[in-house]
Amino acid sequence: CECPENEFPELFKKPYHHGLPSDDLKCQEGKPQAAVDRTLDSKAFRGWTETDNPWTYDDETDNCESESVLDTEMTYVNLQLNPERYTGYTGPSARRIWDAVYSENCPKYPAEELCQEEKILYKLISGLHSSISIHIASDYLLDEATNLWGHNLDLMYNRVLRYPNRVQNLYFTFLFVLRAVTKAADYLEQAEYDTGNPTEDLKTHSLMRQLLYNPKLQAACPLPFDEAKLWKGQRGPELKQKIQAQFKNISALMDCVGCEKCRLWGKLQVLGLGTALKILFSVNGEDHSHQTLELQRNEVIALINLLNRLSESIKFVHEMGAAAEKLNEGTVTSTRLNSLVQQAWASIVKT
Ligand SMILES: Cc1cc2nc3c(=O)[nH]c(=O)nc-3n(C[C@H](O)[C@H](O)[C@H](O)COP(=O)(O)OP(=O)(O)OC[C@H]3O[C@@H](n4cnc5c(N)ncnc54)[C@H](O)[C@@H]3O)c2cc1C
């Protein structure tokens, strides 16, 4: 169900300190909507190699024991057959993961106490959490008996929209990842897109170029996030190491998510964040101009899928946010959501 005890990160073994006993974890993997469909096109590309990303935890490269094991093959999954949506994963198991992510690795920062760098990890994770909640709300199992799927606007409002910070963090994470993608434009343009189907490969390459050099996007958002401002002070290198270690912990926690499909998307999106961090903070920075960017195929896949998930979330907030607010507050009109979105932009521009 969850990962074996010996694979739990140390911090995860500590007694649960918010009133939920750790032995109350029910297996959530049996639910059909939580299972991963492993059907693959027979022509699909297989056979990538993996090297270490300093921002993420990889079984194959970070675990000495498993490195010697020969059967550590990657699993190939068709993401289009496994959309990120409601899975029924809830209760103590899910709560325990989020709690471990926040309480140990990126605690909520009280007002101005933490420096910019320390706030970033919290904002990124919170933004990802908002996005996951929005995808659950956007594709929700409304009636199990009739297998009726649809929007759950109440859930979107109660988990995300009513907390302005969560909306702001969603925007922040989107812009952070967008900046990473545009910064790596030269690399991503040249990367090999091998799906095993030449027509699909050409299409992918063309779509990537359209994304990377989109004039509207460049005009609207010339510098989505300015990473050059970070790691400047005396504590810069030490802070970077600390945050890198915390992010690695978060990445390891994803192996412990007790629902297969949630684990698939959780791991993929955290790898996407790790890839964005790797691009923004280890390449062509002032101290690292000698480095050239090298990404693994799965990092490119994770990065682009994460950007897609985040942008779909923002689109859903734009399209349905006002309706969700109306439903929940009766009298509130779209003005509040608009002002929330404006505040989000303003605070991001300041960052
Ligand atoms: C990695 C991962 C992936 C998941 N993927 C899926 C999925 O694909 N489908 C699915 O149905 N379920 C998924 N889940 C479960 C889902 O995220 C919720 O945990 C579950 O629906 C129960 O929700 P909840 O209302 O208890 O609040 P949760 O979303 O579990 O939140 C727990 C607590 O975190 C805080 N919090 C919530 N949102 C934010 C935010 N944006 N920023 C800061 N703090 C916040 C709040 O204090 C909240 O009480 C996933 C869980 C994890 C850990």
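Keep in mind the model is a prediction, meaning the values are calculated, not measured.

S.K.: Requested: an account of the state of the cysteines, with residues and values cited.
M.R.: One pass over the full model with this rule turns up one disulfide. Through a disulfide, C259 is tied to C262; the S-S separation comes to 2.3 Å. Every disulfide takes its handedness from the sign of the S-S torsion; for C259 and C262 that torsion is 75°, giving right-handed. Among the residues examined, C259 registers a relative accessible area of 0% and is labelled buried.

S.K.: I'd love a proper account of the pairing of strand β1 (residues 140-143), names of residues and values included.
M.R.: Pairing analysis gives three bridges linking β1 to strand β2 (residues 148-150), with the strands arranged antiparallel. The partner of D143 across the bridge, within β2, is L148. Adjacent in sequence and paired antiparallel, β1 and β2 are bridged by four residues, among which N147 carries a positive phi angle near 55°.

S.K.: Which residues make up the pattern of salt bridges, and what are the values?
M.R.: Pairs may arise between side chains of opposite charge once their charged atoms sit close together. Within this structure, the stated rule accounts for nine salt bridges. The residue E84 makes a salt bridge to R309 at a minimum N-O spacing of 3.5 Å. With a gap of 225 residues between them, E84 in the loop between α3 (64-67) and α4 (92-105) and R309 in helix α13 (residues 297-329) connect regions that are remote in the sequence. Like R309, E84 is buried.

S.K.: Quick rundown of the nonpolar core? Include the residues and the values.
M.R.: M156, F176 and L188 are the most contacted members of the largest nonpolar core, which has 77 residues in total. Sorting elements by how many residues they give to this core places helix α7 (residues 164-183) first, with eleven residues. Not counting the four nearest positions on each side in its chain, F176 is found in contact with I120, L124, F225, A276, L277, L280 and F281. Grouped together as the second largest cluster of nonpolar side chains are seven residues, V36, W265, L268 and L271 included.

S.K.: Outline the side chain of K261, listing residues and values.
M.R.: Within the secondary structure layout, K261 lies in helix α12 (residues 260-282). Of the buried charged residues, K261 lacks a salt bridge, with D139 as the closest side chain of opposite charge at 8.0 Å. Those residues within four positions of K261 in sequence are excluded, and the remaining contacts are Q33, A34, A35, V36, N82, P83, R85 and T87.

S.K.: Give me the lowdown on unusual backbone geometry, citing residues and values where you can.
M.R.: Positive phi, close to 55°, is recorded for N147, a residue that is not glycine. Of note, N147 is situated in the loop between β1 and β2.

S.K.: Residue-level account of the environment of L264, with values.
M.R.: Looking at the secondary structure, you find L264 in helix α12. Along the primary structure L264 and L79 are separated by 185 residues, whereas in three dimensions their C-alpha atoms are 9.1 Å apart. In this structure, L264 is in contact with V36, V77, L79 and N82, ignoring residues within four places of it in sequence.

S.K.: Which residues make up the site of the ligand, and what values do they have?
M.R.: R85, T87, S126, H129 and S130 are the nearest of the 23 residues found near the ligand. Within the side chain of Y102, an N or O atom sits 3.4 Å from a nitrogen atom of the ligand. For the ligand, whose unbound accessible area comes to 950 Å², protein coverage reaches 86%. For the shell around the ligand, the secondary-structure elements that each account for two or more residues are α4 and α5 (116-138). No other element matches α5, which puts six residues into the shell around the ligand. Residues that form the shell around the ligand fall into these classes: twelve nonpolar, six polar and five charged.

S.K.: Can you tell me about the side chain of N169, naming the residues and giving the values?
M.R.: Along the chain, N169 turns up in helix α7. In this structure, N169 is in contact with Y122, K123, S126 and G127, ignoring residues within four places of it in sequence.

S.K.: Residues and numbers for the UniProt feature "active site" (unreviewed entry) in the protein chain, please.
M.R.: Sequence positions flagged by UniProt for "active site" (unreviewed entry) are, in local numbering, C259 and C262. Secondary-structure assignment places C259 in the loop between α11 (236-253) and α12. One can find C262 in helix α12. In contact with C262, other than residues within four places in its own chain, are T87, Y89 and V257.

S.K.: Go over the packing of α12 against α13 with me, naming the residues and quoting the values.
M.R.: At a minimum axis distance of 7 Å, the contact between α12 and α13 shows a crossing angle of 105°. Between α12 and α13, the angle is such that the two are roughly perpendicular. For the pair α12 and α13, contact is made by W265, L268, Q269, L271, G272, L273, T275, A276, K278 and I279 and by N298, E299, I301, A302, L303, N305, L306 and R309, respectively. Split by residue class, the contact of α12 with α13 holds ten nonpolar, five polar and three charged.

S.K.: Describe the confidence of the model for the protein chain, and please don't skip the residues or the numbers.
M.R.: Looking at the protein chain as a whole, its pLDDT mean stands at 81, while 74% of the residues score no less than 70. Low pLDDT, under 50, characterises residues 16-26; the stretch is placed with 16 contacts to residues that sit more than four places away or in other chains. Within the model, the stretch residues 284-289 combines pLDDT values under 50 with six contacts to residues more than four positions away or in other chains.

Cut-offs used in this document
Residue numbers run consecutively from 1 along every chain, following the written order of its sequence. Side-chain atom pairs in this predicted model are given and counted only at pLDDT of 80 or more, local residue features only at pLDDT of at least 70, and totals for whole chains, interfaces and linings cover all residues. Calculation of side-chain values draws on the structure's entire complement of heavy atoms; hydrogens and water are dropped beforehand. In this description, the term disulfide denotes a pair of cysteine sulfurs within 2.5 Å. For every residue, the accessible area obtained with a 1.4 Å probe (protein chains only) is divided by the maximum for its type, and the residue is called buried under 20%, exposed over 50%, and partly exposed between those limits. Two strands are counted as paired when DSSP detects at least two bridges linking them. Only DSSP runs of H or I reaching four residues or more are called helices, and only runs of E reaching two or more are called strands; each is numbered from the N terminus. Here, a salt bridge means any Lys or Arg side-chain nitrogen found within 4 Å of an Asp or Glu carboxyl oxygen. What is meant by a nonpolar core is a set of buried Ala, Val, Leu, Ile, Met, Phe, Trp, Tyr and Cys residues, joined one to another through side-chain atoms within 4.5 Å. Residues count as neighbours in contact if any of their non-hydrogen atoms are within 4.5 Å of one another. In summary, the charge assignment counts Lys and Arg as positive and Asp and Glu as negative, without counting His or the chain termini. Nearness here has a simple test: a residue counts as near a molecule or strand if at least one of its heavy atoms is within 4 Å of that partner. Whenever two N or O atoms come within 3.5 Å, that pair is a polar contact, provided that in protein one can donate a hydrogen and the other can accept it, and provided that, for residues adjacent in sequence, both atoms are side-chain atoms. Each accessible area value is a Shrake-Rupley result obtained with a 1.4 Å probe; residue values ignore everything except the protein chains displayed when judging cover. When residues are grouped by polarity, Ala, Val, Leu, Ile, Met, Phe, Trp, Tyr, Cys and Pro land in nonpolar, Asp, Glu, Lys and Arg in charged, and all others, Gly among them, in polar. UniProt positions are given in the numbering used here, feature names are shortened, and annotations may be inferred rather than shown by experiment. Only the stretch in contact is used when fitting a helix axis, every axis being a line fitted to C-alpha atoms; angles between N-to-C directions are given from 0 to 180 degrees. Any angle from 65 to 115 degrees is called roughly perpendicular, while one under 35 is roughly parallel, one over 145 is roughly antiparallel, and all others are oblique. How sure the predictor is of each residue is captured by pLDDT, a score from 0 to 100.

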